Structure formats: structure tokens, C-alpha cells
Amino acid sequence: MVQKPQIVRTLAPLRKAIAKLREKHERIALVPTMGALHDGHFSLVRQARKAAGAVVVSIFVNPAQFAPTEDFASYPRDLHRDVTALSKLGVDLIWAPNDAVMYPEGFSTAISPGGPAKAGLEDAFRPHFFGGVTTVVAKLFLQVAPDAAMFGQKDYQQLKVVTRMARDLDIPVTVTGCPTLREKDGLALSSRNVYLSPAERRTAPILYRVLKNSAARIKAGEDVATVMADGRAAVEDAGFSVDYLEARHADTLAPVKAAGDGPIRLLVAARLGKTRLIDNLGIQRT
Ligand code: PAF
């Protein structure tokens with residue numbers, strides 16, 4: 001059934017709408033997004049539906065998490081398309097503030113996350129990123145006051161950073177990581193996949209193939225450093241420029257030297273032409 005969600009763009013109507021949802025529902029789940037929604041986001045919405053009686057989706061392309069050299073201006077935006085898609089999923093409320101609502105004149109407070117935000121992965125290449133993410137996500141948590149919030153495991157370090165931030169700031173929300181959705185050829189769904197040329201799109205699934213192959217080799221007992229070096233070479237041979245390809249502890253994100261140091265998560269970020277792709281994969285324990 002198509003139920004058009006309420007769309008709010010400023011804080012006073014948001015507070016009223018949240019209060020109304022609270023009257024009817026014991027639990028509210030939030031799915032924070034930057035729009036350009038795809039099946040990965042829709043699966044987060046479905047998880048949110050299972051976790052709570054009311055579902056709020058935020059759509060805000062957060063300038064604070066982009067460096068001046070990054071794609072803030074060109075980031076795909078299509079609110080009309082996003083709202084149409086969310087209408088089919090039984091979303092109750094769409095919170096779509098603009099920059100002036102989120103960061104009004106004089107805004108001067110920011111969160112400075114540590115711990116998993118300093119693991120030497122995304123933070124080493126995008127030093128501004130997690131400060132921007134945690135600041136906006138903390139605001140979203142305070143604005144919507146959700147009981148649960150859904151984040152994709154595709155942004156694995158982000159998931160860890162947001163979980164830590166909510167815990168450290170005593171924000172009473174359960175942060176849930178939801179599995180990555182993939183194209184048939186293994187490419188992780190991402191709003192940035194639209195930047196890939198047809199030739200790059202054919203190359204892009206190599207990332208997942210290398211993660212899978214590396215995971216299988218480590219599980220079979222091969223030396224972690226050798227496997228990661230081979231994986232990096234395979235990704236570079238395919239035409240990527242690799243920011244990192246690392247084996248890390250799945251909980252702490254600390255570097256691991258041997259399978260026994262796990263549980264292990266393999267994480268990769270690499271650029272193909274102008275597009276930067278990230279992906280990750282857990283190694284199942286036997
Ligand atoms: O993962 C994203 O889309 C963004 O980083 C988030 C969590 C919505 C914060 O802007």
C-alpha cells in the first residue's frame with residue numbers, strides 16, 4: 001500500500017511530528033541517509049520497520065563530512081525520486097532539513113571522535129570525515145530521539161564510530177549494522193556507483209572478488225601479510241589506486257597479524273578513475 005510519508009524541513013514541525021509518532025508508537029527507528037537512495041537504503045528501511053512501529057528517514061547531504069576537494073557539489077540529489085521510493089515502503093516521516101536548518105549562522109560546535117575514528121583507515125585519507133559524520137549524526141539522534149538507528153555495514157568504520165559516539169555521549173539509541181547489499185557481480189551498492197564509466201563499472205567488482213579470495217586464503221591458514229600484499233597487487237593490476245587494503249580486528253579495528261588475532265574484517269578503499277569505492281568483508285570463524 002502506498003502511504004505518502006510526511007515530509008518536514010524545519011525543526012518545529014519535526015518536533016511536533018515526532019511527538020505525534022510517540023503518542024501512537026512505543027518505538028521509533030531512524031535511517032540516516034544522504035539521499036540518492038538505492039536498494040541498500042531500502043533494506044535499512046525494512047530492518048527499521050522490524051525494529052520499531054514508526055520509521056523516520058533523514059535525507060541530508062552533510063557538507064561537514066566532505067573536504068573542499070570532494071564531491072559535495074556533485075553528490076547525486078533527487079528528493080522527489082527518494083520520496084516516491086520511500087512512499088512504497090511505509091515510512092512515516094522524512095526529515096529533510098537544508099544546510100541553514102542543520103548548520104544555522106554562527107554554528108560553532110563539532111564532535112571530535114577518537115577510538116575507531118583514529119584507526120588509520122578512512123580517517124587517514126579523509127581526516128575531516130568522522131568529525132563531520134559524528135556531528136551530524138549526534139544532531140539527528142537529538143532531533144529525532146530514535147530508539148533504534150540503522151547503518152549499513154558497507155561503511156564499516158563509520159558504523160563503529162557512530163556506535164562508540166552514541167555510547168560515549170549516553171545517547172539512548174541502539175545502533176544496528178545491516179548487511180551490505182551487492183549487485184549480482186558482487187559490487188557493493190553505493191550512491192557513488194553512478195560515477196563509474198561503463199568500463200570502470202565492469203572492473204569495479206574486482207574489489208569484492210579480492211576480498212573474498214583473501215578471506216578464503218586467511219581462513220585456510222595462509223600468512224595474513226602475504227595475502228594482503230597479493231590482494232593489493234591484484235587490485236592495482238586491475239587499474240585501481242589503492243588507499244588501503246587491510247586486515248583488522250572486527251571489533252576494535254586494530255591491525256591483526258594472524259588469523260588467531262581475530263575476528264578479522266578485511267577493509268578496502270580504492271580509487272578507479274574519479275570514483276572512490278570502499279568495501280569490507282568479515283572472515284567467518286570455523
Ligand atoms: O552514510 C551516510 O550516508 C552518511 O555518512 C550519514 C550517516 C547519513 C551521515 O551523513
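Rules of the game
- Residues numbered from 1 in each chain as written.
- Predicted model: local features only at pLDDT ≥ 70, side-chain atom pairs only at ≥ 80, totals over all residues.
- Heavy atoms only, no water.
- Pairing = 2+ DSSP bridges.
- Helix = DSSP H or I, 4+ residues; strand = E, 2+ residues; numbered from the N terminus.
- Axes fitted to C-alpha atoms, helices over the stretch in contact; angles between N-to-C directions.
- Salt bridge = Lys/Arg side-chain N within 4 Å of Asp/Glu carboxyl O.
- Near = heavy atom within 4 Å.
- Polar contact = N/O pair within 3.5 Å; in protein donor to acceptor, adjacent residues only side chain to side chain.
- Areas by Shrake-Rupley, 256 points an atom, 1.4 Å probe, with all protein chains shown as cover.
- Nonpolar A, V, L, I, M, F, W, Y, C, P; charged D, E, K, R; others polar.
- Expected span 1.5 Å × (residues − 1).
- Buried < 20%, exposed > 50% of the residue type's maximum accessible area, 1.4 Å probe, protein only.
- Arc of directions from axis to C-beta.
- Contact = heavy atoms within 4.5 Å.
- Core = buried A, V, L, I, M, F, W, Y, C linked by side-chain atoms within 4.5 Å.

Moving on to the sheet that holds strand β1 (residues 6-8). Overall, parallel pairing links the 6 strands, which are arranged β1-β4-β3-β2-β5-β6 in an open sheet. Two strands lie at the open edges of the sheet, namely β1 and β6 (174-178), each paired on one side alone. Taking each pair of neighbouring strands and ignoring which way they run, the sheet shows an average axis angle of 25 degrees. Inspection of the sheet shows strand β2 (residues 28-33) paired to strand β5 (residues 148-152) by 2 bridges, in the parallel sense.

This part takes up the pattern of salt bridges. Considering all chains together, one arrives at 15 salt bridges under this definition. Put simply, D230 and R217 hold a salt bridge, and the shortest N to O gap is 2.9 Å. On the criterion of sequence distance, the pair formed by D230 in helix α10 (residues 224-237) and R217 in helix α9 (residues 206-219) is long-range, its members being 13 residues apart.

Close to the ligand lie P32, T33, M34, N62, Q65, V133, V136, F151 and Q158, which account for all nearby residues. Measuring from an oxygen atom of the ligand, one finds a side-chain N or O atom of Q65 at 2.7 Å. Here Q158 contributes a side-chain N or O atom positioned 2.7 Å from an oxygen atom of the ligand. For the ligand, whose unbound accessible area comes to 290 Å², protein coverage reaches 88%. Going through the elements one at a time, β2 and α6 (129-144) are the ones with two or more residues in the shell around the ligand. Here the shell around the ligand is built from residues that sort into 5 nonpolar, 4 polar and no charged.

Now for helix α1 (residues 11-24). Structurally, the α-helix is built with 3.6 residues per turn, so residues lying three or four positions apart point the same way. The terminal C-alpha atoms of α1, which comprises 14 residues, lie 20 Å apart, in line with the 20 Å expected from a rise of 1.5 Å per residue. Listed as buried for α1 are L14, A17, I18 and L21. Buried residues of α1, viewed axially, fall in a sector of 100 degrees; they line one side. Opposite the buried face of α1, at more than 90 degrees from it, the exposed residues are A12, R15, K16, K20 and E23. Turning to α1, the residues buried within the fold contact β1, β2, β3 (54-59), β4 (93-95) and α6.

Among the nonpolar cores identified, the biggest contains 35 residues, and V56, W95 and F141 are the most heavily contacted of them. Listing elements by their share of this core, those giving two or more residues are α1, β2, β3, β4, α4 (99-102), α6, β5 and α7 (156-168). In terms of residues, this core owes the most to one element, α6, which gives 9 residues. With sequence-adjacent residues up to four places away left out, F141 is seen in contact with L30, P146, A149, F151, V162, M165, A166, I171, V173 and V175. Grouped together as the second largest cluster of nonpolar side chains are 27 residues, F240, L245, A247 and I283 included.

Moving on to the sheet that holds strand β8 (residues 264-272). Whenever strands of a sheet pair, they do so through backbone hydrogen bonds, lying parallel or antiparallel. What the 3 strands build is an open sheet, ordered β7-β8-β9; its pairing is antiparallel. Of all the strands in the sheet, just β7 (241-249) and β9 (275-282) have a single pairing partner and so form its edges. Ignoring strand direction, the axes of neighbouring strands in this sheet form an average angle of 10 degrees. Pairing geometry for β8 and β9, over 8 bridges, is antiparallel. Each residue of the ladder has a partner; that of L267, found in β9, is N280. Each of β7 and β8 is contacted by α10, which is oriented at about 155 degrees to β7, the strand it contacts most.

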